Amino acid sequence: MTEYRSVKSSQIVLKELMIPSYSNFGGKVHGGIILSLMDKIAYTAAASHSRSYCVTASVDSVNFLNPVEVGELVTLLASVNYVGRSSMEVGIKVFSEDFKKGVNKHTNTSYFTMVAVDEHTRKPAPVPGLILEEEIEVKRFIWGKFRKKYRGEYKEQFKTLRRNLDIACETALLHEENCKIATGK
Ligand SMILES: CC(C)(COP(=O)(O)OP(=O)(O)OC[C@H]1O[C@@H](n2cnc3c(N)ncnc32)[C@H](O)[C@@H]1OP(=O)(O)O)[C@@H](O)C(=O)NCCC(=O)NCCS
């Protein structure tokens, strides 16, 4: 595919008011509500860039930096940072705003890898390239390229580690951990 689209053409903002039914037992907004909004905006940005059906392949490091309260307005900003042949890394920044106090909190940043899929064959389909118009877009593309590289390397390293683990030796070390092995197992 020799088509290219700008980063800005698929950038998107989603705002949602946190209503009482979104709260958990502690009275704060359930993390799953925020994750669901993140998945929705990631899909929208990826589908808008690729103009194709997409699936979520992976989600990197969702660290909730601040709790979100009921009554706050959550704003999600999404941008396609990097594209490969069929995958797109969507960067998502989440803020939550307390109207009464006039406080805006950064609640988390995460990276979703979305893959364009052919609706008939269900196989990964090529996506347009990115036109990088600003210095920050070039930086984000490079950072995304390295995240993809390290994600792949981590997967391989963990596979090797799992294959080579001495389970008997590791089991003997479990007394240092916060667990106990039930007798008779
Ligand atoms: C994501 C999926 C389409 C990849 O299919 P696949 O046959 O493994 O495809 P490939 O190995 O050819 O990889 C295709 C692209 O996806 C990327 N990819 C595959 N698995 C990935 C993962 N776990 N994380 C990040 N990227 C991934 C590859 O790097 C590749 O990118 P590129 O084309 O830009 O180089 C397939 O695993 C799938 O359908 N998964 C289920 C997705 C889903 O249903 N999500 C919703 C869950 S509720």
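Residues numbered from 1 in each chain as written. Predicted model: local features only at pLDDT ≥ 70, side-chain atom pairs only at ≥ 80, totals over all residues.

As named in an unreviewed UniProt entry, the chain is Acyl-CoA thioesterase, taken from Saccharophagus degradans. Here is the UniProt Sequence similarities (unreviewed entry) comment for the chain, exactly as written: "Belongs to the acyl coenzyme A hydrolase family." (UniProt positions renumbered as here; feature names shortened; annotations may be inferred.)

1. Examining the overall build of the chain
If you tally the helices and strands in the chain, you get three helices and seven strands. Across the chain, helices and strands are ordered from the amino to the carboxyl terminus as β-β-α-β-β-β-β-β-α-α. The globule rule puts the C-alpha radius of gyration for 185 residues at 16 Å, and the 20 Å found for the chain is more than 25% above it. A sequence separation of at least 24 residues applies to 73% of the contacts in the chain between residues at least 6 apart. (Helix = DSSP H or I, 4+ residues; strand = E, 2+ residues; numbered from the N terminus. Rg over C-alpha atoms; globule rule 2.2 N^0.38 Å. Contact = placed C-beta atoms within 7 Å.)

2. What to know about the site of the ligand
Lining the immediate surroundings of the ligand are 13 residues, of which Ser58, Gly84, Arg85, Ser86 and Ser87 lie closest. Taken together, the elements giving at least two residues each to the shell around the ligand come down to strand 3 (54-60) and strand 6 (103-116). The element best represented in the shell around the ligand is strand 3, accounting for four residues. Its residues placed into classes, the shell around the ligand shows five nonpolar, six polar and two charged. (Near = placed C-beta within 6 Å. Nonpolar A, V, L, I, M, F, W, Y, C, P; charged D, E, K, R; others polar.)

3. With respect to helix 2 (residues 135-164)
One turn of an α-helix holds 3.6 residues; hence residues three or four places apart share an orientation. Across its 30 residues, helix 2 extends 43 Å between first and last C-alpha, which sits within 8% of the 44 Å expected from 1.5 Å per residue. Taken across its 30 residues, helix 2 has two buried, putting it largely on the surface. (Expected span 1.5 Å × (residues − 1). Buried ≥ 20, exposed ≤ 12 C-beta atoms within 10 Å, placed from the backbone.)

4. Focus: helix 1 (residues 31-50)
Given a rise of 1.5 Å per residue, 20 residues ought to cover 28 Å, and the 28 Å separating the end C-alpha atoms of helix 1 matches this to within 8%. Along helix 1, the residues classified as buried are Ile34, Met38, Ile41, Ala42, Ala45, Ala46, His49 and Ser50. For helix 1, the angular spread of the buried residues around the axis is 155°, confining them to a single face. Along helix 1, exposed side chains directed more than 90 degrees from the buried face belong to Gly32 and Ser36. (Arc of directions from axis to C-beta.)

5. Remarks on the pairing of strand 2 (residues 12-17)
Counting buried residues in strand 2 gives zero out of six residues, a small share hidden from the surface. For strand 2 and strand 4 (residues 73-83), the ladder comprises six bridges, and the chain directions are antiparallel. Counted as the bridge partner of Lys15 is Thr75 from strand 4. (Pairing = 2+ DSSP bridges.)

6. With respect to the environment of Glu97
Looking at the secondary structure, you find Glu97 in strand 5 (residues 87-98). The exposure class of Glu97 is partly exposed, given the 15 C-beta atoms found within 10 Å. Through-space distance from the C-alpha of Glu97 to that of Gly71 is 9.0 Å; in sequence the pair is 26 residues apart.

7. What to know about the sheet that holds strand 2
One open sheet holds the five strands; their spatial order is 2-4-5-6-3, and the pairing between them is antiparallel. On the outer flanks of this sheet lie strand 2 and strand 3, each paired with one strand and no other. On average, adjacent strands in this sheet sit at an angle of 30° to one another, irrespective of strand direction. Bridge count for strand 3 against strand 6 is six bridges, and the pairing is antiparallel. The residue bridging Cys54 from the neighbouring strand is Ala116, located in strand 6. (Axes fitted to C-alpha atoms, helices over the stretch in contact; angles between N-to-C directions.)

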